[in-house]
Amino acid sequence: MVSIVLASHGKFAEGIMESGQMIFGPQKDVAAVTLTPDMGPDDLKAKLKDAVASFDEQEHVLFFVDLWGATPFNQVNGLLASEGHEDWVMVTGLNLPMLIQAYGDRMSEETAAAIAKDVFTEAKNGIRIKPEELEPKEAAPAAAAAAAAAAPAGAIPEGTVIGDGHIKIVFARIDTRLLHGQVATTWTKAANPDRIIVCSDGVASDQLRKTMIIQAAPPGVHVHVVPIKKICEIAKDPRFGNTHAMLLFETPQDALRAIEGGVPVKKLNLGSMAHSVGKVVVTNALAMDQDDVDTFEKIKSKGVEFDIRKVPADKAESYDAVIKKAKEELAAQAANK
């Protein structure tokens, strides 16, 4: 796996590393190197060398630096020239989109050079202005292309069979927050869908929430918000035979309705269920009430497997252990009333 060094003035590198871990989970062979006011160039160079020495993989190293031409840049540049291996690469203009892209890419790419090419584009695409009309005219073609890609093509006649006529559910998740950073980056890269479908009656009827979710779409992936009845219809429509979909449900009850309606979910990821009155905290990300527990048991009875973790890097928790804890906590809660 390609190793990564984040180098910056002040604690920027440490902060962005922490932000990346919040979204993508803990990362191996990643180090933050900071330049403080009391340090000289040689001090920074020594810290950079120590960071690389701490990695298991030292042949393939990607350096992310905050500014072109400043001290961190100069010291990394010196390392590349004097001590670098063939696949030591530096990219400047460090931002969060490029770091997240790198975390995803190094799951499949073997060289720093290959990752650098991807993150260069991602870093630029991550710079947007809201409202969009304030974006410089030269950025308009890219934005227009993205909008055109997201727009539906001409209507396909009903009954047309595309591919094998069966939609492919590459990932299904229950998450109170629906589409957010962890989903739009980590899980999208892991599952590689061509569209994300948010399945919720409430969100589908709330134009503001619907618009905000669609605008949060990761690059290259279409996002749709539909009621539960609609996703059941889509699952039976042969025109979606070439669709590789990620499904996001707000509640286990919505997921059960979809599964009972014919949506072919074989594995269900439990990512986040917010705490509210009457619920008990089961894990650091999941809170349940008795209805949730009963619903999960019904889903399990239909042969659905459970994957309990927030991000791909997390170790999956045992479904049986989580449900057992939920039942015990709910029983204790009832006894204390």
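This text goes with the structure placed above it.
Source: prediction; values computed, not measured.

Q: If you had to explain the side chain of serine 3 to someone new, which residues and values would you point to?
A: Structurally, the position occupied by serine 3 is in strand E1 (residues 3–9). Ignoring any residue separated from it by four or fewer positions in sequence, one finds serine 3 in contact with Asp29, Phe55, Glu57, His60, Val61, Leu62 and Arg106.

Q: I'd like to hear about the pattern of salt bridges, residue by residue, with values.
A: Summed over the entire model, instances satisfying the criterion amount to 16 salt bridges. The partner of aspartate 194 in a salt bridge is arginine 195, and the shortest N-O contact between them spans 3.7 Å. By relative accessible area, aspartate 194 is classed as partly exposed at 27%. Ionic pairing is found between aspartate 254 and arginine 257, a salt bridge with its closest N-O pair at 3.7 Å. Remark: arginine 257 and aspartate 254 occur in helix H11 (residues 252–260); sequence separation between them is three residues, near one turn of the helix. Look at arginine 257 and you get partly exposed, because its relative accessible area is 38%. Overlapping salt bridges, with partners in common, bring together Lys28, Asp29 and Asp56 in one network.

Q: Break down the environment of lysine 298 for me, citing the residues and quoting the values.
A: Examined against the element boundaries, lysine 298 turns out to sit in helix H12 (residues 290–301). With 38 residues separating them in the primary sequence, lysine 298 and glutamate 260 have C-alpha atoms 10.0 Å apart.

Q: An account of helix H3 (residues 71–82) is needed here, citing residue identities and associated values.
A: The terminal C-alpha atoms of H3 lie 16 Å apart, and with twelve residues this matches the ideal 16 Å at 1.5 Å per residue to within 8%. Turning to H3, its buried residues number three or more, namely Pro72, Phe73, Gln75, Val76 and Leu79. Packed against the buried residues of H3 are E1, strand E2 (30–35), helix H2 (41–53), strand E3 (60–65) and strand E4 (87–92).

Basis of the calculations
- Residues numbered from 1 in each chain as written.
- Predicted model: local features only at pLDDT ≥ 70, side-chain atom pairs only at ≥ 80, totals over all residues.
- Heavy atoms only, no water.
- Helix = DSSP H or I, 4+ residues; strand = E, 2+ residues; numbered from the N terminus.
- Contact = heavy atoms within 4.5 Å.
- Salt bridge = Lys/Arg side-chain N within 4 Å of Asp/Glu carboxyl O.
- Buried < 20%, exposed > 50% of the residue type's maximum accessible area, 1.4 Å probe, protein only.
- Expected span 1.5 Å × (residues − 1).

Shape descriptors only; they carry no functional weight alone.
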